[in-house]
Amino acid sequence: MSTLIFRTIAPYLSALMVLFSVFVLLRGHNEPGGGFIGGLIAASALAIYGIAYGVDVVRRALWVDPNALAGFGLFMAAIDGLAAILAGKPLLTGIWYVPVIFGVEIPLSTVLVFDVGVYFVVVGSLSSIALALEESD
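Treat the numbers as computed from the prediction; the structure is a model and nothing was measured. (Residues numbered from 1 in each chain as written. Predicted model: local features only at pLDDT ≥ 70, side-chain atom pairs only at ≥ 80, totals over all residues. Heavy atoms only, no water.)

**Side note on the nonpolar core**
Move 1: Counting residues in hydrophobic clusters, the biggest one holds twelve residues: L25, A42, L46, V55, V58, L62, L69, M76, V116, Y119, V123 and L131.
Move 2: Mapped by element, the contributors of at least two residues to this core are α2 (35–53), α3 (55–62), α4 (66–86) and α5 (110–135).
Move 3: A per-element tally of this core places α5 first, with four residues.
Move 4: With residues up to four places along the chain from it excluded, the contact list for L46 reads V58, L62, V123 and S127. (Core = buried A, V, L, I, M, F, W, Y, C linked by side-chain atoms within 4.5 Å. Buried < 20%, exposed > 50% of the residue type's maximum accessible area, 1.4 Å probe, protein only. Helix = DSSP H or I, 4+ residues; strand = E, 2+ residues; numbered from the N terminus. Contact = heavy atoms within 4.5 Å.)

If you want it as structure tokens, here you go:
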């Protein structure tokens, strides 16, 4: 599907979808959303861009191999689970840390690290599958 309209709108639509996926990722531990849904949206954006411009363009834009991204996300999620054990709490218990930077409190949690890990796993694995399917055509 290489129509002029689709090739014109695909970069803008993909950029908007990636931005929305980051929004869904970051609000996920307080409201509906999170790493899985955000990853699905980002992988869909990469698939749309791949349909419009081809798989080679998407692979060059990703900087890293999608399988490596999925593996790194799995590593992040596993390390997050171990952080709770090292703190003497049950596996995957949320631990909060509130540093003060320039007089502003920034609450950070292990929940966010886990969500980012899930995001990377979903983006990496689904984009790898989508790109492989697009290459087979």
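Continuing now.
**Let's talk about the packing of α2 against α3**
Helix-helix packing is described using two parameters, namely the angle between the two axes and the distance between the axes.
Move 1: Axis separation between α2 and α3 bottoms out at 7 Å; the angle between their running directions is 135 degrees. One finds that α2 runs oblique with respect to α3. Residue-level inspection shows L46, Y49, G50 and Y53 of α2 in contact with α3, the latter providing V55, V57, V58 and L62.
Move 2: For the contact of α2 with α3, the class distribution of residues is seven nonpolar, one polar and no charged. (Axes fitted to C-alpha atoms, helices over the stretch in contact; angles between N-to-C directions. Parallel < 35°, antiparallel > 145°, perpendicular 65-115°, else oblique. Nonpolar A, V, L, I, M, F, W, Y, C, P; charged D, E, K, R; others polar.)

**What to know about the packing of helix α1 (residues 4–27) against α5**
Move 1: In contact at an axis separation of 9 Å, α1 and α5 are set at 145 degrees when each is read in the N-to-C sense. At the point where α1 passes α5, the crossing takes the right-handed sense. Counting all contacts with α1, which are made through S21, V22, L25 and L26, the residues of α5 involved are L112, D115, V116 and Y119.
Move 2: Partitioning the contact of α1 with α5 into residue classes produces six nonpolar, one polar and one charged. (Left-handed = near helix turned anticlockwise from the far one by under 90°.)

**Quick word on a nonpolar patch on the surface**
Move 1: A contiguous nonpolar surface patch, about 690 Å² in accessible area, is contributed by F72, F75, I79, L82, I85, L91 and L92.
Move 2: Inspection of the secondary structure assignment puts I85 in helix α4. (Patch = residues over 30% accessible without salt bridge, like charges linked within 9 Å, V, L, I, M, F, W, Y side chains within 5 Å. Areas by Shrake-Rupley, 256 points an atom, 1.4 Å probe, with all protein chains shown as cover. Salt bridge = Lys/Arg side-chain N within 4 Å of Asp/Glu carboxyl O.)

**Digging into the packing of aromatic side chains**
Ring pairs (aromatic) are described by centroid distance and by the angle formed between their planes.
Move 1: Here the structure, examined in full by the defined rule, presents four aromatic pairs.
Move 2: Counting every residue linked through ring pairs, the aromatic cluster contains F72, Y119 and F120. (Phe/Tyr/Trp six-rings, centres within 6.5 Å; stacked < 30°, edge-to-face > 60°.)

**Considering the side chain of D80**
Move 1: Take D80: it is sitting in helix α4.
Move 2: Buried charged residue D80 carries no salt bridge. Nearest counter-charge: K89, at 12 Å.
Move 3: Those residues in contact with D80 that lie beyond four places of it in its chain are L92, T110, V111, V113 and F114. (Lys, Arg positive; Asp, Glu negative; His and termini not counted.)

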